[in-house]
Amino acid sequence: ATVESSVKKVADDVTALANNARSTIEKDMEGVADAVSESMDEVVGKVQDAVEEDIKEIQDAVENAQSVIQDQGDVVAAVSNVTQTVVKGAEDVRSIVSEEVEDLGDVVVDKLDGMVGDVQDSVEADLKEVQKSVDSLEDFGLESDE
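To keep things clear, this report deals only with the structure shown in the data block. Predicted model only: the values in this text are computed from it and were never measured.

Comments concerning the overall build of the protein
Line of reasoning, step 1. Counting its secondary structure elements, the protein contains two helices and zero strands.
Line of reasoning, step 2. Relative to the compact-globule value of 15 Å for 146 residues, the protein shows a C-alpha radius of gyration of 31 Å, a clear excess of over 25%.
Line of reasoning, step 3. C-alpha extents for the protein along the principal axes are approximately 105 × 20 × 15 Å.
Line of reasoning, step 4. By sequence separation, contacts in the protein at least 24 residues apart represent 84% of the contacts at least 6 residues apart.

So, the pattern of salt bridges
For side chains of opposite charge, pairing can occur when their charged atoms come near one another.
Line of reasoning, step 1. Following the criterion strictly, the structure yields ten salt bridges and no others.
Line of reasoning, step 2. With its nearest N and O atoms 2.9 Å apart, the salt bridge here joins D12 to K8. Of the two residues, D12 and K8 both sit in helix α1 (residues 3–70), four residues apart, roughly one turn of that helix.
Line of reasoning, step 3. Salt bridges linked by common partners bring D54, E57, K88 and D92 together as one network.

Considering a negative patch on the surface
Line of reasoning, step 1. Residues E30, D34, E38, D41, E42, E99, E102, D103, D106, D110 and D113 make up a contiguous surface patch of negative charge.
Line of reasoning, step 2. Within the residue set of the negative patch, elements represented by two or more residues are α1 and α2 (75–138).
Line of reasoning, step 3. Ranked by residues supplied to the negative patch, first place goes to α2 with six residues.
Line of reasoning, step 4. In this fold, D103 is placed in helix α2.

Points about α1
Line of reasoning, step 1. Its 68 residues give α1 an end-to-end C-alpha distance of 99 Å, which sits within 8% of 100 Å, the value for a rise of 1.5 Å per residue.
Line of reasoning, step 2. Downstream of α1 by a residue or two, Q72 has a phi angle that is positive, lying close to 50°.

Some words on the packing of α1 against α2
Line of reasoning, step 1. Where α1 meets α2, the axes come as close as 8 Å, and the angle between the chain directions of the two elements is 170°. Regarding the angle of α1 to α2, the classification is roughly antiparallel.
Line of reasoning, step 2. Of the residues assigned to the contact of α1 with α2, the class counts are 41 nonpolar, 13 polar and 15 charged.

A short note on the environment of V43
Line of reasoning, step 1. Within the secondary structure, V43 sits in helix α1.
Line of reasoning, step 2. For the pair formed by V43 and V97, sequence separation is 54 residues and the distance between their alpha carbons is 6.5 Å.

Structural notes on unusual backbone geometry
Line of reasoning, step 1. Phi angles above zero are rare outside glycine, and Q72 is one such case at about 50°.
Line of reasoning, step 2. Inspection of the secondary structure puts Q72 in the loop between α1 and α2.
Line of reasoning, step 3. Classification of Q72 by relative accessible area gives exposed; the value is 70%.

Let's talk about a nonpolar patch on the surface
Line of reasoning, step 1. A contiguous nonpolar surface patch, about 210 Å² in accessible area, is contributed by V3, V7 and F140.
Line of reasoning, step 2. With respect to the element layout, V7 can be found in helix α1.
Line of reasoning, step 3. Owing to a relative accessible area of 40%, V7 belongs among the partly exposed residues under this scheme.

A closer look at the side chain of T85
Line of reasoning, step 1. Within the secondary structure layout, T85 lies in helix α2.
Line of reasoning, step 2. Beyond its immediate sequence surroundings of up to four residues, T85 is in contact with D54, E57, I58 and A61.

Criteria and thresholds
Residues numbered from 1 in each chain as written. Predicted model: local features only at pLDDT ≥ 70, side-chain atom pairs only at ≥ 80, totals over all residues. Heavy atoms only, no water. Helix = DSSP H or I, 4+ residues; strand = E, 2+ residues; numbered from the N terminus. Rg over C-alpha atoms; globule rule 2.2 N^0.38 Å. Contact = heavy atoms within 4.5 Å. Salt bridge = Lys/Arg side-chain N within 4 Å of Asp/Glu carboxyl O. Patch = residues over 30% accessible without salt bridge, like charges linked within 9 Å, V, L, I, M, F, W, Y side chains within 5 Å. Areas by Shrake-Rupley, 256 points an atom, 1.4 Å probe, with all protein chains shown as cover. Lys, Arg positive; Asp, Glu negative; His and termini not counted. Charge placed at Lys NZ, Arg CZ, Asp CG, Glu CD. Expected span 1.5 Å × (residues − 1). Axes fitted to C-alpha atoms, helices over the stretch in contact; angles between N-to-C directions. Parallel < 35°, antiparallel > 145°, perpendicular 65-115°, else oblique. Nonpolar A, V, L, I, M, F, W, Y, C, P; charged D, E, K, R; others polar. Buried < 20%, exposed > 50% of the residue type's maximum accessible area, 1.4 Å probe, protein only.

Given below as structure tokens:
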């Protein structure tokens, strides 16, 4: 081995370290994206279910209000009931979304923690290769700055 080939080996190993870290991050970010996508699909499904239920309740409240109006009953109470049902629908959606976003945050944090661990493992393994290359340079009398 020559000095030039040993220097090139160090450079190649450092490049490999960076490339491996990047590919590890990209792979793990796909996992994060998949988790977000799955979670959002779930949120949309839950919201649709809640909205369908709430719309049915709103329709019932409106029909009730119409019959109360025809029977000259307590119109104010009937209209108030419609309003409360509509507001409840919005609150249902908000609570589903906020609960799911919290869960999603936990999933994303777990995935990102995993990514950090994976990158550390990748870099540690590659650093051993870099160190071997640097050590082989010392055989030529080139000292590293340790």
